[in-house]
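# Chains, contacts and geometry: an overview
As a plain string of letters, each chain reads:
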Amino acid sequence: MGTEHSKREGRRSMVFLRKGPKLPAWEDALLAGKEPKSLLKRGLRYVSLSLIMKGMTSTPDFLWGLPEVQKLNLSRNQLMVIPPSLGKLDRLVVLNLGGNCLKCLPKEIGLLRNLKVLFVNMNRLTEVPAELSLCRKLEVLSLSHNCISQLPLSFTDLTSLRKLNLSNNRFVQIPLCIFALRNLDFLHLGSNRLEGIAESVQYLVNLQIFIIENNNIRTLPRSLCFITTLELLNVDYNAIQTLPDDLYLLHRLPRIAWNPMDKGLHIAHNPLSRPLPEVVEGGLAVLFSYLREKKEHN
């Protein structure tokens, strides 16, 4: 009898446990009874945490109790929202939120004063919070594959920014604030809705890679030719008919390039007026010689 009574009590206890608060399946599997700190990896330089492809629909609460994290990867989940608690992780240096379903970023992202690298590519952003400009140490920013059409003017404060990817968005013109980012060496604005490039582009005096392929650009400004640091200029798939005579000043462009990864001048799939198509076929040296002679005769 005693044994039977014990079994019944045991079953009742099991039922009670099942009805108690339950973690989401992914979070339960993630922790598996461990302490959250056990998920941290301590490298030579950074304390990191990777929660990539965990099927998460919301961020785990334990995350905000790990202020020592410096590299955090939450990419390729189904996150809809990043809560204001993000601001508690103020030691973050690298944050990857790419490949989620985010429509906005919390203003508290501005509290991440040590942040140097931020990926928010492949989400559903329509705007970027002005508070991101408070991350003055930011060097790399990817906002590609979103629905953004403008940037806050305060972006001019991101003076440490070196690499900026704004490709596959909805920009009709290059935001003016970008021209104040004098340390940029990489700028990707491909697959937007750009119709032109402002003369102010000349202020990007350290730019080495400039990609503006697959837009609606008709002409290249003369001032672009003064960015003599350029090693890759990609204007493929636009509506360009003529080229500025001073293009030969871009002496660091090594060749007419066809492979997207190659340095050089990418100018394929444009309705160039004659004789430019034939001249381009002769290579970059022939093109530059042609433009130089044309300028001298003018």
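About the criteria used
- Residues numbered from 1 in each chain as written.
- Predicted model: local features only at pLDDT ≥ 70, side-chain atom pairs only at ≥ 80, totals over all residues.
- Heavy atoms only, no water.
- Helix = DSSP H or I, 4+ residues; strand = E, 2+ residues; numbered from the N terminus.
- Expected span 1.5 Å × (residues − 1).
- Contact = heavy atoms within 4.5 Å.
- Pairing = 2+ DSSP bridges.
- Buried < 20%, exposed > 50% of the residue type's maximum accessible area, 1.4 Å probe, protein only.
- Domains from an automatic or database assignment.
- Buried area = accessible area lost by both parts, 1.4 Å probe.
- Polar contact = N/O pair within 3.5 Å; in protein donor to acceptor, adjacent residues only side chain to side chain.
- Core = buried A, V, L, I, M, F, W, Y, C linked by side-chain atoms within 4.5 Å.
- Salt bridge = Lys/Arg side-chain N within 4 Å of Asp/Glu carboxyl O.

With an unreviewed UniProt entry as reference, the protein is termed LRC30 protein, source organism Chionis minor.

Taking 1.5 Å per residue as the helical rise, helix α4 (residues 284–297) with its 14 residues ought to reach 20 Å, and the 20 Å between its terminal C-alpha atoms agrees with that figure. Where α4 is buried, its residues meet β11 (264–266) and α3 (276–281).

Here we come to the sheet that holds strand β7 (residues 163–165). Strand pairing in a sheet relies on backbone hydrogen bonds, with the paired strands running either antiparallel or parallel. If you trace the eleven strands from one edge of the open sheet to the other, you get β1-β2-β3-β4-β5-β6-β7-β8-β9-β10-β11, paired in mixed fashion. At either end of the open sheet lies a strand with only one pairing partner, and these are β1 (41–42) and β11. For strand β5 (residues 117–119) and strand β6 (residues 140–142), the ladder comprises three bridges, and the chain directions are parallel. For Val-117, the partnering residue across the bridge sits in β6 and is Val-140.

Our next topic: the environment of Trp-258. In this structure, Trp-258 sits in the loop between β10 (232–234) and β11. Given a relative accessible area of 61%, Trp-258 falls into the exposed group. Through-space distance from the C-alpha of Trp-258 to that of Leu-125 is 32 Å; in sequence the pair is 133 residues apart. Excluding residues within four positions of it along the chain, Trp-258 makes contact with His-266 and Ala-268.

Under the domain assignment, the protein is made up of domain 1 (35–110 + 119–127 + 144–149) and domain 2 (162–297). A straight line from the C-alpha centre of domain 1 to that of domain 2 covers 35 Å. Domain 1 puts six residues into the contact, and the matching count from domain 2 is seven residues. In this assembly, domain 1 packs against domain 2 so that about 620 Å² is buried in total across both faces, 47% of it on carbon and sulfur atoms.

Within the secondary structure, Asn-100 sits in the loop between β4 (94–96) and β5. Its relative accessible area of 6% is what places Asn-100 among the buried residues. From its side chain, Asn-100 meets the backbone nitrogen of Asn-77 in a polar contact 3.2 Å long. From its side chain, Asn-100 meets the backbone oxygen of Gly-98 in a polar contact 3.4 Å long. Those residues within four positions of Asn-100 in sequence are excluded, and the remaining contacts are Leu-74, Ser-75, Arg-76, Asn-77, Gln-78, Leu-79, Met-122 and Asn-123.

This paragraph deals with the nonpolar core. One finds Leu-151, Ile-178, Phe-210 and Leu-287 to be the most contacted residues of the largest nonpolar core, which totals 84 residues. Of all the secondary structure elements, the ones that give two or more residues to this core are α2 (25–31), β2 (47–50), α3 and α4. Of all the elements, α4 adds the most residues to this core, at four residues. Residue assignment places this core across two domains, with domain 1 (35–110 + 119–127 + 144–149) and domain 2 (162–297) each supplying three or more. Every residue in contact with Leu-287, bar those within four places of it in the chain, is listed here: Leu-243, Ile-256, Leu-265, Leu-276, Val-279 and Val-280.

The next thing to look at is the pattern of salt bridges. Applying the stated criterion to the full structure yields eleven salt bridges. Of the charged contacts in the structure, one is a salt bridge between Arg-136 and Asp-157, with a shortest N-O distance of 3.7 Å. Of this pair, Arg-136 sits in the loop between β5 and β6 while Asp-157 sits in the loop between β6 and β7, and the two are 21 residues apart along the sequence. Given the relative accessible area of 32%, Asp-157 is considered partly exposed. The partner of Asp-185 in a salt bridge is Lys-163, with the nearest N and O atoms 2.8 Å apart. One end of the pair, Asp-185, is in the loop between β7 and β8 (186–188); the other, Lys-163, is in strand β7, with 22 residues separating them in the sequence. Residue classification places Asp-185 among the buried residues on the basis of a relative accessible area of 13%. Judged by relative accessible area, Lys-163 falls into the partly exposed class, the value being 31%.

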